[in-house]
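Below are the chains, spelled out letter by letter.
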Amino acid sequence: MSDRSQIAARAAQLSVRFEAAGAQVVDPPLLQPAGTLLDLYGEDIRARAYVTSDALRGEQMLRPDFTVPVVQMHMKEGAESARYTYSGEVFRRQEQDPDRSNEYVQVGYEVFDREDPAAADAEVFSLFALQLRGLSLRAATGDIGILMAAVQGLKTTEKRKAALMRHIWRPRRFRALLDRYAGRTAVPESRAKLLSSEGDLVGSATEIGKRSAAEIRDRIEVLRADAAAGPIAENEILALEALMAVRETVPYAIEQLRDIAVDLPAILPALNRLDERTAAMKARGVDVENLDFEASYGRTSMEYYDGFVFGFYAESRPDLPPIASGGRYDALTRMLGQGGEIPAVGGVIRPDLILSLEGDRS
Amino acid sequence: MSVKLGVPSKGRLMEKTFDWFAKRGVTLSRTGSDREYAGRVDGVDGVDLVLLSAGEIPRELAAGRIHLGVTGTDLVQEKLPRWEQQVEEIAPLGFGHADLILAVPQFWIDVDNLDDLDAAAAAFRQHHGFRMRIATKYHRLVREYLTDAGVADYQLVDSQGATEGTVKNETAEMVADITSTGETLRANHLKILSDGPVLKSQATLWRSRVARHEPGDKEALTALLDLLR
């Protein structure tokens with residue numbers, strides 16, 4: 001175990017390098033209003049963040065990450081394009097695993113830039129790779145934007161696409177929806193009965209609560225329309241499944257994805273962005289030939305990422321979380337931007353884990 | 001020293017627990033006045049009775065302040081993270097049956113299961129601008145269950161009593177609560193989702209894995225458990 005002063009010293013070293021890369025230092029408060037985080041992540045965040053409260057400001061959370069406050073700050077007052085770095089503790093509630101830290105230091109680097117997203121992705125990735133050089137880590141990369149483009153391009157109803165998009169980050173529910181839209185799962189009896197009934201169905205039971213009879217009628221209409229829409233074509237479903245299973249080095253992954261694009265042409269713009277990013281990474285000296293790419297990477301734990309995603313893992317220490325991780329979060333700037341938006345990408349690194357790996361080696 | 005046995009301090013749960021032990025040759029009884037929480041154990045040596053609120057028994061087991069305790073599966077799983085490592089189940093007692101269930105208004109004819117609930121929650125949030133509220137006191141169990149099922153766009157609001165009434169009072173859209181017969185739910189115009197309960201619970205005898213044993217305790221505990229099993 002490294003002590004706090006060692007971790008602080010290593011964090012300061014990283015900060016200096018991120019500053020040298022052109023970032024401005026920011027220092028968001030430890031306490032964040034809970035409302036924003038709850039709106040973004042839903043109730044699940046309560047299992048991951050410490051909640052406290054006072055009578056005046058209501059519920060507050062000990063910051064579970066820096067990205068949200070940094071985005072809020074940039075969108076409120078920031079210049080058009082900017083680079084930020086920060087360093088400090090984040091807090092994660094642990095309910096299952098006592099070996100996981102509930103408080104640790106993150107040093108981050110975030111780029112807000114409209115001009116050249118591919119170059120910004122490559123800049124962030126190679127800057128992190130540089131800090132971790134010599135630790136022999138495995139880098140994992142992915143791109144949630146390709147899966148999103150595939151869903152948007154399906155030949156089906158807008159409602160179905162919206163439902164799938166909403167569950168991109170919940171693979172099990174996504175899977176269940178896909179099976180239903182493919183006509184692979186039987187319609188539940190209750191649903192069949194509901195849809196076969198004629199006339200106005202609402203009114204026999206007492207109406208209570210805020211969800212109104214009109215909302216129920218609306219949903220039944222939606223269900224009727226959905227039942228009338230045909231299943232998603234087999235070739236699209238198979239292509240989508242093939243896409244989610246892509247796990248290769250970057251050049252082979254691109255080859256497979258180009259094949260998949262025959263059935264899902266909507267992913268072509270996203271693939272072009274992957275090409276541009278790969279070229280930009282190569283230009284910065286990243287060994288893309290041997291870099292791993294997983295199309296489903298980042299779907300379970302990184303809810304706000306919607307494009308490029310990456311993580312650095314110590315293969316000798318599978319018990320450790322990623323030493324560094326990050327990604328692109330364009331949509332988050334829109335959600336927190338109060339009308340504004342700007343493409344953004346960034347990541348964080350954990351100095352405590354670096355020290356622990358260095359300790360293993362010596 | 002002695003082995004400490006924690007038992008619910010009042011009501012039917014206490015009476016049925018006393019009966020269950022009595023059938024196995026261990027007589028538990030309260031001593032002193034009705035209001036005094038003191039008791040005694042006959043039929044086995046070296047065991048002390050500790051009368052506690054059923055809700056506090058999980059915590060006392062996890063802290064090792066009692067060696068054995070009787071309380072519901074629901075309370076152990078809600079209050080103790082990684083409960084299997086803190087307590088061992090000795091025996092289900094066959095009473096105090098209750099299911100933790102999710103219930104919605106009966107007139108939500110479009111909502112029968114978790115799939116429906118998730119879709120209805122998404123539409124509700126869009127329409128009302130806030131996440132659908134579920135009244136409960138079982139925050140951790142309900143949250144883990146819904147996370148696992150991939151349900152989003154809900155929020156848990158705390159309700160420590162009269163939970164079934166929250167929908168009518170419009171402080172919640174639905175509830176997650178313990179029920180044994182479903183009577184109270186029906187009376188409040190609520191119906192249970194068809195996916196099955198979040199948790200099936202009954203009164204259970206637990207052993208603390210962390211409680212320390214003084215000289216003689218092990219023997220007393222073994223003697224007691226031999227009678228009970």
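Residues numbered from 1 in each chain as written. Chains lettered and ligands numbered in written order. Predicted model: local features only at pLDDT ≥ 70, side-chain atom pairs only at ≥ 80, totals over all residues.

Now for the overall build of chain B. Across its full length, chain B carries eight helices and 13 strands. Considering only C-alpha atoms, chain B reaches an extent of 65 × 35 × 25 Å along its principal axes. Split into buried and exposed, the 229 residues of chain B put 42% on the buried side. Expressed as a percentage of contacts within chain B between residues at least 6 apart in sequence, the contacts between residues at least 24 apart total 68%. (Helix = DSSP H or I, 4+ residues; strand = E, 2+ residues; numbered from the N terminus. Buried ≥ 20, exposed ≤ 12 C-beta atoms within 10 Å, placed from the backbone. Contact = placed C-beta atoms within 7 Å.)

At the junction of the two partners, chain A supplies 29 residues and chain B supplies 32 residues. At the level of elements, α3 (45–48), α8 (171–181), α9 (189–196) and α10 (213–228) of chain A are the ones that each hand at least two residues to the side of chain A that touches chain B. With five residues, α10 of chain A is the single largest residue contributor to the side of chain A that touches chain B. Residues belonging to the side of chain A that touches chain B are distributed by class as follows: ten nonpolar, six polar and 13 charged. (Nonpolar A, V, L, I, M, F, W, Y, C, P; charged D, E, K, R; others polar.)

Right, let's talk about the packing of helix α7 (residues 158–166) of chain A against α8 of chain A for a bit. Residues and elements named next belong to chain A. One way to put it is that α7 packs onto α8 with a least axis distance of 9 Å and a crossing angle of 160 degrees. Comparing the axis directions of α7 and α8 gives the class roughly antiparallel. Between α7 and α8 lies a crossing whose hand is left-handed. Every residue of α8 that contacts α7 at R160, A163 and L164 is listed here: F174, L177, L178 and Y181. Taken together, the residues that form the contact of α7 with α8 break down as six nonpolar, no polar and one charged. (Axes fitted to C-alpha atoms, helices over the stretch in contact; angles between N-to-C directions. Parallel < 35°, antiparallel > 145°, perpendicular 65-115°, else oblique. Left-handed = near helix turned anticlockwise from the far one by under 90°.)

Glancing now at the domain arrangement of chain A. One can read the domain layout of chain A as domain 1 (1–116 + 344–362) and domain 2 (156–233). A separation of 39 Å is found between the C-alpha centroids of domain 1 of chain A and domain 2 of chain A. (Domains from an automatic or database assignment.)

Another aspect to go through is the packing of α9 of chain A against α10 of chain A. Residues and elements named next belong to chain A. As a packed pair, α9 and α10 sit with axes 10 Å apart at the nearest point and diverge in direction by 100 degrees. Between α9 and α10, the angle is such that the two are roughly perpendicular. For the pair α9 and α10, the contacting residues are R191, L194 and L195 in the first and I220, L223, R224 and A227 in the second. Classifying every residue of the contact of α9 with α10 gives five nonpolar, no polar and two charged.

Interface size, as often reported, equals the accessible area lost upon joining of the parts. All names here are of chain B. Along its sequence, chain B is carved into domain 1 (3–97 + 202–228) and domain 2 (98–200). For domain 1 and domain 2, the distance between their C-alpha centres works out to 32 Å. Residue-level contacts link seven residues of domain 1 with eight residues of domain 2. The greatest single-element share of the side of domain 1 that touches domain 2, amounting to four residues, is contributed by helix α3 (residues 73–79). Grouping the constituent residues of the side of domain 1 that touches domain 2 by class yields no nonpolar, five polar and two charged.

Here L52 of chain B shows up in strand β4 (residues 47–52). C-alpha of L52 of chain B to C-alpha of L80 of chain B: the two residues are 28 residues apart in sequence and 17 Å apart in space.

This next bit is on the sheet that holds strand β4 (residues 58–62) of chain A. Residue and element names in this part refer to chain A. One open sheet accounts for three strands, arranged β2-β4-β3; its pairing is antiparallel. Across the chains shown, the open sheet's two edge strands, defined by having one partner strand only, are β2 (31–33) and β3 (51–54). On average, adjacent strands in this sheet sit at an angle of 40 degrees to one another, irrespective of strand direction. Relative to β4, β3 runs antiparallel, the two being bridged by four bridges. Within β4, the residue paired with S53 across the bridge is E59. Strand contacts of helix α2 (residues 34–41): β2, β3 and β4, with the helix running at about 65 degrees to β2, the strand carrying the most contacts. (Pairing = 2+ DSSP bridges.)

Residues and elements named next belong to chain A. Mapped onto the elements of the fold, A253 is located in helix α12 (residues 250–260). When the 23 C-beta atoms within 10 Å are taken as the criterion, A253 is described as buried. If we skip the residues at most four places from it in the chain, A253 touches V246, E248 and F293.

With that settled, the discussion passes to the nonpolar core. Residues I146, A150, L243, L257, L264, I267 and I323 of chain A are the most contacted members of the largest nonpolar core, which totals 82 residues. When residues are assigned to domains, this core turns out to be shared by domain 1 (1–116 + 344–362) and domain 2 (156–233) of chain A, each giving three or more. Those residues in contact with L264 of chain A that lie beyond four places of it in its chain are A150, G153, E236, A239, L240 and L243 of chain A. Listed in part, the 35 residues of the second largest apolar core include I216 of chain A together with L100, V167 and A172 of chain B. (Core = buried A, V, L, I, M, F, W, Y, C linked by C-beta atoms within 7 Å.)

It is worth spelling out the sheet that holds strand β13 (residues 203–208) of chain B at this point. All names here are of chain B. With respect to topology, five strands assemble into an open sheet ordered β4-β1-β5-β13-β6, the strand pairing being mixed. Only two strands of the sheet have a single neighbouring strand rather than two, namely β4 and β6 (87–92). Averaged over all adjacent pairs, the angle separating strand axes in this sheet is 30 degrees, with direction ignored. Inspection of the sheet shows strand β1 (residues 3–8) paired to β4 by six bridges, in the parallel sense. Counted as the bridge partner of V3 is V47 from β4.

Residues and elements named next belong to chain A. Residues other than glycine seldom take positive phi values, yet S136 does so here, at roughly 45 degrees. Along the chain, the position of S136 falls in the loop between α5 (117–131) and β7 (138–143). Assessed through the 11 C-beta atoms surrounding it within 10 Å, S136 is described here as exposed.

Turning to the pairing of β4 of chain A, a few remarks are in order. Regular strands have side chains that alternate between both faces of the sheet. Residue and element names in this part refer to chain A. When β2 meets β4, the two strands line up antiparallel, connected through three bridges. When the sheet's bridge partners are listed, P33 is paired in β4 with Q60. Two successive antiparallel strands, β3 and β4, enclose a turn made up of three residues.

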